[in-house]
Amino acid sequence: FKARISEMTDMHKQVKEALKEMVKRGRELGPLFAPAQEEINARLLSMASDLGTIHAAHARSHAALEAATARGESLDHLSKGLRAELDATSASEARLKQRSAEEGARADA
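Residues numbered from 1 in each chain as written. Predicted model: local features only at pLDDT ≥ 70, side-chain atom pairs only at ≥ 80, totals over all residues. Heavy atoms only, no water.

Q: Just give me the short version of a nonpolar patch on the surface, but keep the residues and values in it.
A: A contiguous nonpolar surface patch, about 270 Å² in accessible area, is contributed by Met-8, Met-11 and Val-15. Residue position: Val-15 is located in helix α1 (residues 2-108). (Patch = residues over 30% accessible without salt bridge, like charges linked within 9 Å, V, L, I, M, F, W, Y side chains within 5 Å. Areas by Shrake-Rupley, 256 points an atom, 1.4 Å probe, with all protein chains shown as cover. Salt bridge = Lys/Arg side-chain N within 4 Å of Asp/Glu carboxyl O. Helix = DSSP H or I, 4+ residues; strand = E, 2+ residues; numbered from the N terminus.)

This is the structure in structure tokens:
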């Protein structure tokens, strides 16, 4: 039993020394990471600002696209209406020409 206590005490000392060494390294590394962390934070803030600008530009582009699409649909509707009127006018013109030719032929007869 005493041998086991001695073994556990030695293991405890080794773990305690390892923990002290880890704490010491952690304290030494902390100041080394601070400038890198500041640079990373600055980059992230810059990226967030850029993302906000890009998002706003995207929203404006999307609104412009919606407006252009609506305008295109309106022009398409207008074009179809004008095409229908042109077709009706062309048909009416053809009937009038035919009637005029028939009347001219009757007058000559």
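Q: Any chance you could break down the pattern of salt bridges for me, citing the residues and the numbers?
A: A complete count under the given rule lists seven salt bridges for this structure. With a closest N to O distance of 4.0 Å, Glu-17 and Lys-20 form a salt bridge. Pair noted here: Glu-17 and Lys-20 are both in helix α1, with a separation of three residues, about one helical turn.

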